[in-house]
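Inside the fold
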Amino acid sequence: WEALQIFGAEKIREAIEYGAAILVPSADEPGQTIAAQRDALGLTLRDLAQASGVPESALRDMEGGRVRVDIRSVERVAQALALDERMIGFKANAGADSQLAFRLREYRSGATRLPRRAVGALSAACWVARTQMRMQEQMSVPPARWRDFTPSDDYGNLYKPPWRIGYDLAQETRRSLRLPLSAPIASIRQLLDDVGVVFVQSPLPTSIAGATVSVDNHRAIVVNTQGENSNAWVRRATVAHELCHLLWDPEQKLNRLRVDDYRLIQGSYAREPDRVESRANAFAIALLAPPDATRQVYSDTPGGAVVKLRTVMDRFGLSLTAARHHVENVFTNAGMPAPSDLANAYPDREPSTEWIARENFALDWFPIPETPDMRRGAFAGVVVAAEQLGLISSDTAASYLRCSRETFEDRRGALREVFG
């Protein structure tokens, strides 16, 4: 079935009649496509070797076309470059998205261009997102619920600041998803799964919190598992921030890629000058901790600011920085004085084990230890389901999870238990 979908009936017939079928259209492929995409992303051979796990010497042979290279190595390189590894060598460009590659290479935050390591990691994450979406379409998964949202270009004005728009969008999101208007969200990761958002968790340079990308007219969220996001509560805020971009930003604001750093996400949304980011920050905190409910919890909790603030953190799953800014804002925005002892309150920053367990699903434990973070979670669940339905072979499933076929087949049962 895989071969039929990729190569078509004529190639299958050719293989049956002659014992083999020639797939590569010219002697320049797949080396030419690989070299062109690497150049489009601005990556060196060393960068690509680190991203793919394929030695530099093999990459030179691959791009030069001088030596025949193992197909699995070629596929690993294609995946690192966000190419369609099924088409590599069979079709020129192999599904390359030149606009996304250019955006990754040229993306700047202020005067700083994305580090090449970040470009490589985001490129690989785009492959994961694209592949998951493709398999879901092949399995006839119903359209994602997030597609029912209509993006809004309202980023506020002098009379209605961006944070107020963010609050309103958070409330509208809860209504649209039929979530209680004041209850905590037990797991933001589970919420993304429920609404069909493709969500990739990957190690990125520690300054980057997350990104929202557009791949093949689909949107996906990529979140760093390193830096401040190693705290499950900080990561919740990052995911919620990116969810605002995914649900509510028009395409011209997203422009195929939007990358956010920790400074933006952990800052006070009431003082952020960038209207797009101010709206997303306010949305994130209001989605996780509805303002009226937050003010009520803080006011009703007996004790000093340390106890009150920690109660808000535990109740809604907020980091210390986010909780402090939010509590201050929900009082002042309502025309009330902010708690006087808030600035000097320093409760324990660490989330409870219950919060960690809910948000770290498939990160802390996974049946196949060698599978990278970005291929765990929902992606792995889709791979297992596709293999079970006969849409991909166990060999392909193993290559997607970066393990041997024997390992995949041995752990298949455990994977099915984890992902249903």
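For the structure itself, look to the data block above.
Keep in mind the model is a prediction, meaning the values are calculated, not measured. (Residues numbered from 1 in each chain as written. Predicted model: local features only at pLDDT ≥ 70, side-chain atom pairs only at ≥ 80, totals over all residues. Heavy atoms only, no water.)

What follows is about the overall build of the protein chain. When helices and strands are tallied, the protein chain shows 21 helices and 6 strands. For the protein chain, whose C-alpha radius of gyration is 23 Å, the value lies close to the compact-globule estimate of 22 Å for 420 residues. In terms of overall dimensions, the protein chain has a C-alpha envelope of 80 × 45 × 35 Å along the principal axes. The 420 residues of the protein chain split such that 54% are buried. The long-range share in the protein chain, meaning contacts at least 24 apart out of those at least 6 apart in sequence, stands at 69%. With an accessible surface of roughly 18600 Å², the protein chain has 50% of that area assigned to carbon and sulfur atoms. Taken together, the 51 basic and 53 acidic charged side chains of the protein chain have centroids lying 3 Å from each other. (Helix = DSSP H or I, 4+ residues; strand = E, 2+ residues; numbered from the N terminus. Rg over C-alpha atoms; globule rule 2.2 N^0.38 Å. Buried < 20%, exposed > 50% of the residue type's maximum accessible area, 1.4 Å probe, protein only. Contact = heavy atoms within 4.5 Å. Areas by Shrake-Rupley, 256 points an atom, 1.4 Å probe, with all protein chains shown as cover. Lys, Arg positive; Asp, Glu negative; His and termini not counted. Charge placed at Lys NZ, Arg CZ, Asp CG, Glu CD.)

It is worth spelling out the layout of surface pockets at this point. Quantified by volume, the largest pocket comes out at close to 780 Å³. As for the largest pocket, its lining consists of 30 residues, of which Val-24, Pro-30, Ile-71, Val-74 and Ile-88 are closest to the centre. Of all the secondary-structure elements, those providing two or more residues to the lining of the largest pocket are α1 (2-7), α5 (56-64), α6 (71-80) and α20 (394-400). In terms of residue class, the lining of the largest pocket is built from 15 nonpolar, 6 polar and 9 charged. If you go around the second largest pocket, you meet 23 residues; those closest to its centre are Gln-136, Val-141, Pro-142, Ala-144 and Gly-196. For the lining of the second largest pocket, the elements supplying multiple residues, two or more each, are α8 (116-138), α10 (188-195), β5 (218-224) and α19 (378-388). Among the residues making up the lining of the second largest pocket, the classes are represented as 13 nonpolar, 4 polar and 6 charged. (1 Å grid on protein atoms, 1.4 Å probe; cavity = no way out; pocket = protein on both sides within 12 Å on 5 of 7 lines; lining within 4 Å. Points joined across faces, edges and corners; volume = space filled by probe spheres on them. Nonpolar A, V, L, I, M, F, W, Y, C, P; charged D, E, K, R; others polar.)

Position of Arg-86 relative to the elements: it lies in the loop between α6 and α7 (98-106). Looking at Arg-86, the relative accessible area reads 18%, which means it is buried. The spacing of Arg-86 and Arg-275 is 189 residues in sequence and 41 Å in space, taken between C-alpha atoms. Setting aside its immediate chain neighbours within four residues, Arg-86 contacts Ile-6, Phe-7, Arg-134, Gln-138 and Tyr-400. There is a polar contact of 2.8 Å between the side chain of Arg-86 and the side chain of Asp-84. (Polar contact = N/O pair within 3.5 Å; in protein donor to acceptor, adjacent residues only side chain to side chain.)

Turning to the side chain of Gln-132, a few remarks are in order. Checked against the element boundaries, Gln-132 lands in helix α8. Judged by relative accessible area, which is 2%, Gln-132 ranks as buried. Contacts of Gln-132, omitting those with residues within four sequence positions, involve Val-198, Ala-378, Phe-379 and Val-382.

Leu-114 and Leu-401 are the most contacted members of the largest nonpolar core, which has 70 residues in total. Considering each element in turn, this core owes the most residues, 12 residues, to α8. Setting aside its immediate chain neighbours within four residues, Leu-401 contacts Ile-368, Thr-371, Pro-372, Arg-375, Phe-379, Ala-380, Val-383, Phe-408 and Leu-415. The next biggest cluster of nonpolar side chains, apart from the first, holds 54 residues, and it includes Leu-169, Ala-289, Ala-305 and Leu-342. (Core = buried A, V, L, I, M, F, W, Y, C linked by side-chain atoms within 4.5 Å.)

Further remarks concern the pairing of β5. Across the 7 residues of β5, 7 count as buried, placing the element largely inside the fold. Every second residue of β5 is oriented toward a common face, with His-218, Ala-220, Val-222 and Asn-224 on one face and Arg-219, Ile-221 and Val-223 on the other, all of them buried. Of the strand pairs in this sheet, strand β4 (residues 208-215) and β5 are connected by 6 bridges, and their pairing is antiparallel. Along β5, the bridge assignment pairs Gly-210 with Val-223. Hairpin connection from β4 to β5: 2 residues lie between these consecutive antiparallel strands, with Asp-216 at a positive phi of about 50°. (Pairing = 2+ DSSP bridges.)

Tallied over the full model, the rule gives 25 salt bridges. We note a salt bridge from Arg-72 to Asp-395, for which the minimum N-O separation is 2.1 Å. Here Arg-72, found in helix α6, pairs with Asp-395, found in helix α20; they are 323 residues apart in sequence, far enough to count as distant. Residue Arg-72 is classed as partly exposed on the basis of its relative accessible area, which comes to 28%. On the basis of relative accessible area, Asp-395 is assigned to the partly exposed category, the value being 31%. Linking Glu-387 and Arg-412 is a salt bridge whose minimum nitrogen-to-oxygen distance equals 3.0 Å. Linking Glu-387 in helix α19 with Arg-412 in helix α21 (residues 405-419), this pair joins segments that are 25 residues apart in sequence. Among the ionic contacts, a cluster of salt bridges with common partners joins Arg-46, Glu-56 and Arg-60. (Salt bridge = Lys/Arg side-chain N within 4 Å of Asp/Glu carboxyl O.)

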